[in-house]
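Each chain, written out:
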Amino acid sequence: MSALERGLMQRWYGGKSPGFLLRLLSWVYRGLVAVRTAGYALGLAKAHRVGAPVIIVGNFTAGGTGKT
């Protein structure tokens, strides 16, 4: 495993600070989500119904979860 991979793994799974750039990007993302949420709350954005069942799959982990 390269030093870059090792550093990314430590940042992703904890144990190492995410660093300034990732923190800055998280605040930008948080702001965009807040604007989107406010748009729905104020009626500026509307949800659309689809004519088919929707399946939502969640709880994925980047890099696998070691279950194999």
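Look a little higher up for the structure.
These notes cover the structure that comes with them. Just so it is clear, the structure is predicted and the values come from calculations on it, not from any experiment.

### Describing the overall build of the protein chain
Reasoning step 1: On a plain count of helices and strands, the protein chain comes out with 2 helices and 0 strands.
Reasoning step 2: Taken across its 68 residues, the protein chain has 3% of its residues classed as buried.
Reasoning step 3: For the protein chain, the accessible surface area stands at approximately 6700 Å², while carbon and sulfur atoms represent 65% of it.

### Here we look at the packing of aromatic side chains
Reasoning step 1: Under the defined criterion, the tally for this structure stands at 0 aromatic pairs.
Reasoning step 2: Above the face of the W27 ring, R30 is positioned so that its terminal group lies 4.5 Å from the ring centre.

### Section: a nonpolar patch on the surface
Reasoning step 1: Together, F20, L21, L22, L24, L25, V28 and L32 give the surface a local cluster of nonpolar side chains, amounting to about 730 Å² of exposed area.
Reasoning step 2: With respect to the element layout, L24 can be found in helix α2 (residues 19-41).
Reasoning step 3: For L24, a relative accessible area of 42% translates into the label partly exposed.

Parameters at a glance
Residues numbered from 1 in each chain as written. Predicted model: local features only at pLDDT ≥ 70, side-chain atom pairs only at ≥ 80, totals over all residues. Heavy atoms only, no water. Helix = DSSP H or I, 4+ residues; strand = E, 2+ residues; numbered from the N terminus. Buried < 20%, exposed > 50% of the residue type's maximum accessible area, 1.4 Å probe, protein only. Areas by Shrake-Rupley, 256 points an atom, 1.4 Å probe, with all protein chains shown as cover. Phe/Tyr/Trp six-rings, centres within 6.5 Å; stacked < 30°, edge-to-face > 60°. Lys NZ or Arg CZ within 6 Å of the ring centre and 35° of its normal. Patch = residues over 30% accessible without salt bridge, like charges linked within 9 Å, V, L, I, M, F, W, Y side chains within 5 Å. Salt bridge = Lys/Arg side-chain N within 4 Å of Asp/Glu carboxyl O.

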